[in-house]
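Here's the letter readout for the chains.
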Amino acid sequence: MGCESNNATPPGPAIAPGAESLDAMRVAEDLASGRHRGWSGCIDPRIPAAVPGFDAPFFQAGLAGYSDAAMRIVARRHGCPYCVTEALLDRTLLAGGRGFTKADLGELHDNVPGGIEDHPLAVQIMGSDPREMAASALKAIEQGKRTDKAYRALAYGHLTHDPSGALVKHRPEDFEPAPEYEYEEVSCGDEEEEATESGSHEVAESQGRSVAASLSFSTVDVNLACPVKKIKAKARGGHWLAEPDGAIAILEAVRNDVPAHIPCTVKLRRSYDDTPEMVANFYRIYDAAYAMGYAWATVHARTVEQKYVGPSRWDLLREIVRRTPERVVFGSGDIWNVHDLFRMIAYTGVNAVAVARGCIGNPWIFRQARMMLAGNEPARPTIAEQRDVLEQHYRLALAANRRMRYPDDFTSKNMRKFGIRFAEHHPRSEEVRLRFIAVKGIEDWRAVLDEMYVEA
Ligand SMILES: Cc1cc2nc3c(=O)[nH]c(=O)nc-3n(C[C@H](O)[C@H](O)[C@H](O)COP(=O)(O)O)c2cc1C
């Protein structure tokens, strides 16, 4: 079970009266000129100040079941400046230990930063209990500096005596770091080859090393958006929008326990539903987050009730931004192509845009956005480029899956869902789509590439 839902609607425009007349190319030119809202470049300077390297007003959103290290690295190689992991359950992070074993929201090891190329990266956490959320955020940021027991003690509030003899809850500083801790390295891809591709010597140098603190997550993103049902009547994800006190307690606990130099951010739906009571709840939580020092909120312009069905409401997102123009706000919903990305910025006034379903099998959306910022028309990928990216994605995914029993077959089958989306760029898309659906193992995967991805 993940944040995904089977009843998603096919790509369609958001509700945004007037947005169709916006010229995305002109919006991009305006952004690049630095004229946009007085920004010094194409991005609000507060964003790279909080997360160095986040240098363009778009990023790859969390996508459960998709946005693992392989997909993120492919996106980054095409110009994506920042990524968010899929939602990781706090309880699973705490119980998972060093191996970060399978969670119901995806394989956690897939979300560990995938080497030097996978930065900056936000870890997104989701859960039902403020202490568990705070402890799991700390564990992710510290990359297991303390023992698992220490993080669990922090979460479950084991009692101890303070110097005056009073009973108090353990604090993280009560625990010594685990001696000689070695993080189980999870890097993706053939690092020597990546070093050549990215021109980075640091990548090759990082071979064999454990993940250093500087390679940890840059940001903690709290998920108050996922529409998956409550478990045992406990709220989590988007269901917190119907229980604002609980949502605020979570935001507070996380912000208090995560070191001050790590930005905390929050992902929200625009409301639980369209009743005035729920809209008021949204604003209570949203205002509280900024008051606590959250760096930004990403607002998905659908309600929780809507899940992924029907259009998002850019008109309502615009209202949210207009209400507090001084805040950094990111937008999400109905970004299906590069033009949508720039139109959302111009129409709603958000500072950056989360690209979600629109970048599955389409990392070129980031390259196209960079091209438009440079004043060029966005280019479509050639067949050779498509094949090259499919091969890269496969190699990276295989590296992430290398501990599986049959990594090649698992990876080939798991890549089908990406192949189907990649097929949309191919001139014989339906034929290619059917070929990807039929893949049963590595031989089939290779055959699709060899037979269908050859330049005429
Ligand atoms: C399959 C799937 C999985 C998702 N998983 C997550 C997730 O783990 N964390 C998250 O913040 N949002 C998640 N989302 C929501 C997206 O990040 C995004 O907000 C949403 O899809 C709206 O954008 P779009 O209409 O452009 O796709 C998921 C969406 C889909 C379709």
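What counts and what doesn't
Residues numbered from 1 in each chain as written. Predicted model: local features only at pLDDT ≥ 70, side-chain atom pairs only at ≥ 80, totals over all residues. Heavy atoms only, no water. Helix = DSSP H or I, 4+ residues; strand = E, 2+ residues; numbered from the N terminus. Buried < 20%, exposed > 50% of the residue type's maximum accessible area, 1.4 Å probe, protein only. Contact = heavy atoms within 4.5 Å. Areas by Shrake-Rupley, 256 points an atom, 1.4 Å probe, with all protein chains shown as cover. Pairing = 2+ DSSP bridges. Right-handed = clockwise from strand over helix to strand, strands pointing away. Polar contact = N/O pair within 3.5 Å; in protein donor to acceptor, adjacent residues only side chain to side chain. Salt bridge = Lys/Arg side-chain N within 4 Å of Asp/Glu carboxyl O. Near = heavy atom within 4 Å. 1 Å grid on protein atoms, 1.4 Å probe; cavity = no way out; pocket = protein on both sides within 12 Å on 5 of 7 lines; lining within 4 Å. Points joined across faces, edges and corners; volume = space filled by probe spheres on them. Nonpolar A, V, L, I, M, F, W, Y, C, P; charged D, E, K, R; others polar. Core = buried A, V, L, I, M, F, W, Y, C linked by side-chain atoms within 4.5 Å. Domains from an automatic or database assignment. pLDDT = per-residue confidence, 0-100. Expected span 1.5 Å × (residues − 1).

Attention shifts here to the overall build of the chain. When helices and strands are counted, the chain shows 18 helices and 12 strands. Considering the chain as a whole, with its 456 residues, one finds that 57% of them fall into the buried category. Across the chain, contacts joining residues at least 24 apart in sequence account for 69% of those joining residues at least 6 apart. About 19,100 Å² of surface is accessible on the chain, with carbon and sulfur atoms providing 52% of the total.

Moving on, we come to the pairing of strand E10 (residues 297-303). Counting buried residues along E10, seven of its seven residues qualify, which places the element largely inside the surrounding structure. Judged from the five bridges that link them, strand E9 (residues 264-271) and E10 form a sheet pairing that is parallel. Its bridge partner being in E10, Val266 is matched across the sheet by Ala297. In this fold, the crossover linking E9 to E10 by way of helix H10 (residues 276-291) has right-handed handedness. As defined by bridge partners, E10 adjoins strand E11 (residues 329-332) across four bridges and the pair is classed as parallel. Considered in E11, the bridge of Ala297 is made with Val329. Taken together, E10, helix H11 (residues 314-323) and E11 constitute a β-α-β crossover, and its handedness is right-handed.

Looking now at the side chain of Ser218. With respect to the secondary-structure elements, Ser218 resides in the loop between helix H8 (201-205) and strand E8 (219-224). Among the polar contacts made by the side chain of Ser218, one reaches the side chain of Thr219 at a distance of 2.8 Å. Apart from residues lying up to four places away in sequence, Ser218 is in contact with Val51, Tyr82, Pro120, Leu121, Ala122, Ile262 and Pro263.

The next point concerns the pattern of salt bridges. According to the stated counting rule, one finds 25 salt bridges in the structure shown. With its nearest N and O atoms 2.9 Å apart, the salt bridge here joins Asp118 to Arg76. Within this pair, whereas Asp118 is found in the loop between strand E4 (106-107) and strand E5 (121-126), its partner Arg76 is found in helix H3 (residues 69-77), the two being separated by 42 residues in sequence. We note that Asp118, like Arg76, is buried. We note a salt bridge from Asp245 to Arg284, for which the minimum N-O separation is 2.7 Å.

The next point concerns the site of the ligand. Neighbouring the ligand are 21 residues; Ala64, Gln124, Ser332, Asp334 and Arg357 lie closest to it. Contact between the ligand and Ser332: an oxygen atom at 2.7 Å from a side-chain N or O atom of the residue. The separation between an oxygen atom of the ligand and a polar main-chain atom of Asp334 is 2.8 Å. In the complex, the protein chains occlude 96% of the 610 Å² of accessible area that the ligand would expose alone.

What follows concerns empty space enclosed by the protein. If you walk through the whole model with that rule in mind, you get five cavities of 30 Å³ or more. Approximately 70 Å³ is the volume attributed to the largest cavity. Every residue lining the largest cavity is listed: Phe59, Ala61, Gly62, Tyr82, Val84, Gln124, Asp221, Thr265, Lys267, Trp296 and Thr298. Of the residues belonging to the lining of the largest cavity, the class tally is five nonpolar, four polar and two charged.

Okay, unusual backbone geometry next. Look at the link from His119 to Pro120: it is a cis peptide, with omega at -5°. Relative to the elements of secondary structure, Pro120 occurs in the loop between E4 and E5. If you check the backbone angles, Lys307 has positive phi at about 50° while not being a glycine. Relative to the assigned elements, Lys307 resides in the loop between E10 and H11. In the Ramachandran plot, Asp334 falls in the positive-phi region, its phi being about 60° despite a non-glycine side chain. If you trace the backbone, Asp334 turns up in the loop between E11 and helix H12 (338-348). Since its relative accessible area comes to 6%, Asp334 is described here as buried.

Core analysis: the largest hydrophobic core is formed by 117 residues, its most contacted members being Val220, Val254, Tyr286, Phe342 and Phe436. Take this core: its biggest share by element is eight residues, from H10. Residue contributions to this core reach at least three from each of two domains, namely domain 1 (19-145 + 181-373) and domain 2 (383-452). Of all hydrophobic cores here, the second largest spans six residues; its members include Ala135, Leu138, Leu154 and Ala155.

Attention now moves to the environment of Arg146. Structurally, Arg146 can be placed in the loop between helix H5 (130-142) and helix H6 (148-156). For Arg146, the side chain forms a polar contact with the side chain of Glu142, separated by 2.7 Å.

In this section: the confidence of the model for the chain. Summing up the model confidence of the chain, the mean pLDDT is 85 and the portion of residues at 70 or higher is 81%. Contacts of residues 97-106 to residues separated by more than four positions or lying in other chains number 33 contacts, the stretch itself having pLDDT below 50. Taken as a whole, residues 176-213 scores under 50 in pLDDT and shows 63 contacts with residues more than four places along the chain or in a different chain.

Taking 1.5 Å per residue as the helical rise, H5 with its 13 residues ought to reach 18 Å, and the 18 Å between its terminal C-alpha atoms agrees with that figure. Most of H5 is tucked away, with 11 of its 13 residues classed as buried. The complete set of buried residues in H5 reads Glu132, Met133, Ala134, Ala135, Ser136, Ala137, Leu138, Lys139, Ala140, Ile141 and Glu142. Sitting at the head of H5, Asp129 places a side-chain oxygen 2.9 Å from the backbone nitrogen of Arg131. Downstream of H5 by a residue or two, Gln143 has a phi angle that is positive, lying close to 55°.

With 14 residues, helix H9 (residues 244-257) extends 20 Å between its outermost C-alpha atoms, agreeing within 8% with the 20 Å of an ideal straight helix rising 1.5 Å per residue. With 10 of its 14 residues buried, H9 lies for the most part within the structure. Close packing links the buried residues of H9 with E5, H5, H6, E8, E9 and H10.

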